[in-house]
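Chain by chain, the residues run as shown.
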Amino acid sequence: MNRKAIGVFDSGLGGLTVVKELKKVLPNERIVYFGDTARVPYGSKSKEVIVRYSKEIAKFLKTQDVKMIVIACNTASAFALEELKKELDIPVIGVIEAGARMAVEIGENIGVIGTKGTVSSKAYYNAIKRIKLGANVYQKACPLFVPLIEEGMIDDPITEEIVKKYLNEIDVMIDSLVLGCTHYPLLTKVINKLTNGKIKLINPAEETAKEVKMILKELHMENFKREKEDQYFVSDEPENFKELGELFLGFELEDLKEINLEK
Ligand code: DGL
């Protein structure tokens with residue numbers, strides 16, 4: 001069991017921000033990643049569709065013999081976590097509870113940016129309120145961020161303008177801003193620049209990685225010696241994923257394959 005991989009999935013590149021954190025705290029674990037690049041973005045799709053996609057991906061990851069699944073996507077965490085937990089016989093975790101725990105540490109006034117799906121689900125709002133009832137939560141959907149990031153337009157004046165527009169629309173003083181979409185940590189530099197570093201940015205991936213470590217330890221499922229390399233799968237355009245993914249992670253994605261889940 002311990003030698004098995006951790007399955008991680010997202011609609012595309014975003015989940016790599018979770019992979020990056022997992023690698024820091026669990027260097028001996030093997031990752032099997034699935035990025036649903038054929039069907040990105042998830043953020044504008046209905047709960048029903050996201051649950052269906054998530055189940056298909058989980059089924060695929062199970063064929064890769066994973067010991068645990070990390071839903072490295074806030075939209076899928078908001079809509080499909082409970083369903084996957086019910087359906088699977090291995091531990092499944094999302095990123096939202098971890099992000100909420102981090103946010104309440106900073107201050108009472110919490111901004112949350114995410115996809116339309118995550119924001120409309122109120123998953124962060126509810127998770128934060130469960131921990132700290134008195135917290136004020138200001139949510140803002142930023143639907144243009146994911147396509148810009150998937151296009152690699154990270155250091156781009158157009159992206160900067162769009163970030164500025166969305167942030168201006170959060171018209172209140174906030175202590176922290178939850179990057180409530182796993183793609184958004186790629187925009188950390190530009191968000192920090194536009195907020196003069198005055199707002200603490202919360203990357204839920206950091207706490208999620210610690211939670212994964214804790215769960216593996218508790219269940220005695222940690223791997224102390226990695227034998228095989230990580231594997232990456234996408235449902236479309238592996239070249240684009242490879243180029244941007246390697247740039248972000250800082251290492252080569254040697255074992256990357258395209259697969260069609262619908263076949
Ligand atoms: N990265 C995902 C999230 O955290 C999905 C973004 C999208 O595909 O819209 O919500």
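Here, the structure is the one placed above.
From a predicted model like this one, the values you see are computed outputs, not experimental measurements.

1. Looking at the overall build of the protein
Part 1 of the argument: Scanning the protein from terminus to terminus reveals 11 helices and 10 strands.
Part 2 of the argument: Across its three principal directions, the C-alpha atoms of the protein cover 50 × 40 × 35 Å.
Part 3 of the argument: For the protein, buried positions account for 55% of its 263 residues.
Part 4 of the argument: Surface exposure of the protein reaches about 12,100 Å², of which carbon and sulfur atoms provide 50%.
Part 5 of the argument: Distance between charge centroids for the protein: 4 Å, based on 38 positive and 41 negative side chains.

2. Remarks on unusual backbone geometry
Part 1 of the argument: That bond from Val 40 to Pro 41 is cis: its omega, 5°, falls within 30 degrees of zero.
Part 2 of the argument: You can see Pro 41 is positioned in the loop between strand E2 (31–35) and helix H2 (47–63).
Part 3 of the argument: At His 220, a residue that is not glycine, the phi angle is positive and equals roughly 55°.
Part 4 of the argument: The residue His 220 is located in the loop between helix H10 (204–218) and strand E9 (231–234) in this model.
Part 5 of the argument: Given the relative accessible area of 63%, His 220 is considered exposed.
Part 6 of the argument: Phi at Glu 237 is positive, roughly 45°, even though this residue is not glycine.
Part 7 of the argument: Residue position: Glu 237 is located in the loop between E9 and helix H11 (238–249).

3. What about the packing of aromatic side chains?
Part 1 of the argument: For the structure on display, the rule yields 7 aromatic pairs.
Part 2 of the argument: Centre to centre, the rings of Tyr 42 and Tyr 53 are 5.5 Å apart; their planes meet at 45°, and the pair counts as tilted. With Tyr 42 in the loop between E2 and H2 and Tyr 53 in helix H2, the pair connects residues that are 11 residues apart, well separated along the chain.
Part 3 of the argument: On the basis of an interplanar angle of 75° and a centroid distance of 5.1 Å, the ring pair of Phe 145 and Tyr 166 is categorised as edge-to-face. Placement of Phe 145 in helix H7 (residues 145–150) and of Tyr 166 in helix H8 (residues 157–169) is noted, with a sequence separation of 21 residues between them.
Part 4 of the argument: Here the guanidinium or amino end of Lys 20 rests over the ring plane of Phe 248, the centre of that ring lying 4.3 Å away.

4. What to know about the sheet that holds strand E3 (residues 66–71)
By definition, the strands of a sheet pair up through backbone hydrogen bonds, in either a parallel or an antiparallel sense.
Part 1 of the argument: Strands sit in the order E4-E3-E1-E2-E9-E10 across an open sheet of 6 strands; the sheet is parallel. Every other strand in the sheet has two partners, leaving strand E4 (92–93) and strand E10 (256–258) as the edge strands with one partner each.
Part 2 of the argument: Alignment of strand E1 (residues 5–10) against E3, held across 5 bridges, turns out to be parallel. Opposite Gly 7, over in E3, you have Ile 69 as the bridge partner.
Part 3 of the argument: Where H2 meets the sheet, it contacts E1, E2, E3 and E9, and its direction lies at approximately 155° from that of E1.

5. Examining empty space enclosed by the protein
Part 1 of the argument: The final tally for this structure, using the stated rule, is 1 cavity of 30 Å³ or more.
Part 2 of the argument: Roughly 70 Å³ of volume is contained in the largest cavity.
Part 3 of the argument: Its residues assigned to classes, the lining of the largest cavity shows 5 nonpolar, 7 polar and 1 charged.

Cut-offs and rules
Residues numbered from 1 in each chain as written. Predicted model: local features only at pLDDT ≥ 70, side-chain atom pairs only at ≥ 80, totals over all residues. Heavy atoms only, no water. Helix = DSSP H or I, 4+ residues; strand = E, 2+ residues; numbered from the N terminus. Buried < 20%, exposed > 50% of the residue type's maximum accessible area, 1.4 Å probe, protein only. Areas by Shrake-Rupley, 256 points an atom, 1.4 Å probe, with all protein chains shown as cover. Lys, Arg positive; Asp, Glu negative; His and termini not counted. Charge placed at Lys NZ, Arg CZ, Asp CG, Glu CD. Phe/Tyr/Trp six-rings, centres within 6.5 Å; stacked < 30°, edge-to-face > 60°. Lys NZ or Arg CZ within 6 Å of the ring centre and 35° of its normal. Pairing = 2+ DSSP bridges. Contact = heavy atoms within 4.5 Å. Axes fitted to C-alpha atoms, helices over the stretch in contact; angles between N-to-C directions. 1 Å grid on protein atoms, 1.4 Å probe; cavity = no way out; pocket = protein on both sides within 12 Å on 5 of 7 lines; lining within 4 Å. Points joined across faces, edges and corners; volume = space filled by probe spheres on them. Nonpolar A, V, L, I, M, F, W, Y, C, P; charged D, E, K, R; others polar.

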